[in-house]
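Here is what each chain is made of, one letter per residue.
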Amino acid sequence: MHKPQNIVILTGAGISAESGIDTFRSDGRPEKQGTWEQHRIEDVATPEGFARDPDLVLNFYDMRRADVQTKQPNAAHHALARLDREWNARADRALLIVTQNVDDLHERAGAQCVHHMHGELLSALCSACLERSPWTGPMIGRPACPQCGETALRPDVVWFGEMPYDMESIYGALRGADLFVSIGTSGAVYPAAGFVQDARSMGVQTLELNLERSEGSGWFDETRLGAASVLVPEWVDEILA
Ligand code: NAD
């Protein structure tokens, strides 16, 4: 693999698993049922589910929001933050972290260039004025929007059927990249799952770091299997060497 200049990194729930945040799908052990699997996706991750039972949905994300604030970034987040800092310090190189995660562990590790394509738990979206506001507390009591005063806040999380954030700049970065790295994602949720094919079609090198092969594993030039807390710091050392 030649030395890249412009890198786009896609992260998924797997990078936060060792920080104690459940992934979307559990590992199949009966005693380890994931948070998400106790609910149907249609109930907690669609606009229709929210319209049907707002209390259920607000309560679900209130719990996720409270939980995430008790967790800490792990070695993989810290390694990417170091890469972000050192790589972007040079004018002739660029690095963008695109995350599907709604936690803030990349930022808390110190990363600056992060796009949350699926939104953020620590943000509220007002359905009345469409403004986004930083949010750490619960929403179940229907607090007023800090921007317009309406009681129309919802979790600032992109649900199934909604348009992910920042797609134009993400595709722009992919077009200018020479390396695409996917970390801790199952490759089951589009459009993120399609980035590897987009990258390949543009001649970008592709690398996968994951616990197990993802659904799109065959599209990657190289796959390394193992825990993110081990693989990511190793790869960052390699690329910065
Ligand atoms: P996913 O749960 O579908 O897949 C997780 C992947 O991570 C799997 O392929 C698994 O093998 C891998 N993995 C698990 N532990 C790992 C480890 N220690 N090291 C490396 N890899 C590991 O997650 P996804 O592909 O990101 O899609 C799920 C969707 O759910 C996303 O859209 C995301 O917004 C949302 N989600 C977010 C969070 C979060 O913010 N932390 C948590 C759960 C779900």
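The residue numbering used here restarts from 1 in each chain and proceeds along that chain's sequence as written. Note on the predicted model: pLDDT of at least 70 is required for a residue's local features to be given, and 80 or more for side-chain atom pairs to be given and counted; whole-chain, interface and lining totals, by contrast, use all residues. Processing note: side-chain calculations cover all non-hydrogen atoms of the structure and skip hydrogens and water entirely.

As annotated in an unreviewed UniProt entry, the protein chain carries the name NAD-dependent protein deacylase and is attributed to Pontixanthobacter rizhaonensis. UniProt, in the comment section headed Sequence similarities (unreviewed entry), describes the protein chain in these words: "Belongs to the sirtuin family. Class III subfamily." UniProt positions are given in the numbering used here, feature names are shortened, and annotations may be inferred rather than shown by experiment. What UniProt states about the protein chain under its Subcellular location (unreviewed entry) heading is, verbatim, "Cytoplasm".

Caption draft 1: Spatial organisation of the sheet that holds strand β4 (residues 119-126). Taken in spatial order, the three strands make up an open sheet running β5-β4-β6, and their pairing is antiparallel. Every other strand in the sheet has two partners, leaving β5 (132-134) and β6 (153-157) as the edge strands with one partner each. The mean inter-strand angle of the sheet, taken between neighbouring strand axes irrespective of direction, is 45°. What makes two strands pair is DSSP finding at least two bridges between them. Elements are defined by DSSP. Helices are runs of H or I of four residues or more, strands are runs of E of two residues or more, and each kind is numbered from the N terminus. Pairing of β4 with β6, which is carried by five bridges, proceeds in the antiparallel orientation. For every element, the axis is a line fit to its C-alpha atoms; helices are fit only across the contacting stretch, and the angle between N-to-C directions ranges from 0 to 180 degrees.

Caption draft 2: Summary view of the UniProt feature "active site" (unreviewed entry) in the protein chain. As recorded in UniProt, the sites labelled "active site" (unreviewed entry) are His-118. For His-118, the location among the structural elements is in the loop between β3 (114-116) and β4. Taking the relative accessible area as the measure of exposure, His-118 reaches 13% and is therefore buried. It only takes one pair of heavy atoms within 4.5 Å for two residues to be counted as in contact. Apart from the residues lying within four places of it in its own chain, the contact partners of His-118 are Thr-99, Gln-100, Val-102, Asp-156, Val-157, Val-158, Pro-164 and Val-189. Only protein chains enter the area calculation, which uses a 1.4 Å probe; residues under 20% of their type maximum are buried, those over 50% are exposed, and those in between are partly exposed.

Caption draft 3: Representation of the UniProt feature "binding site: Zn(2+)" (unreviewed entry) in the protein chain in the model. Taking the numbering used here, the UniProt-annotated feature "binding site: Zn(2+)" (unreviewed entry) corresponds to Cys-126, Cys-129, Cys-145 and Cys-148. Separation in sequence by 23 residues is not matched in space for these annotated residues, since their most distant C-alpha atoms are only 8.6 Å apart. Tracing the backbone shows Cys-129 in the loop between β4 and β5. Apart from residues no more than four positions distant in its own chain, Cys-129 is found in contact with Cys-145, Gln-147 and Cys-148. One can find Cys-148 in the loop between β5 and β6. When its relative accessible area of 35% is taken as the criterion, Cys-148 is described as partly exposed. Those residues in contact with Cys-148 that lie beyond four places of it in its chain are Cys-126, Ala-128 and Cys-129.

Caption draft 4: Structural context of the nonpolar core. Buried residues of nine kinds, namely Ala, Val, Leu, Ile, Met, Phe, Trp, Tyr and Cys, make up a nonpolar core once their side-chain atoms join them within 4.5 Å. Counting residues in hydrophobic clusters, the biggest one holds 25 residues, and the most contacted among them are Ile-7, Ile-9, Leu-80, Val-181, Ile-183, Val-232 and Trp-235. Listing elements by their share of this core, those giving two or more residues are β1 (6-11), α5 (75-88), β2 (94-99), β7 (179-183), β8 (205-210) and α9 (228-240). Those residues within four positions of Leu-80 in sequence are excluded, and the remaining contacts are Ile-9, Thr-11, Ile-15, Ile-97, His-106, Ile-183, Val-232, Trp-235 and Val-236. One finds Leu-58, Val-102, Val-157 and Trp-159 within the second-largest nonpolar core, a separate group that totals 21 residues.

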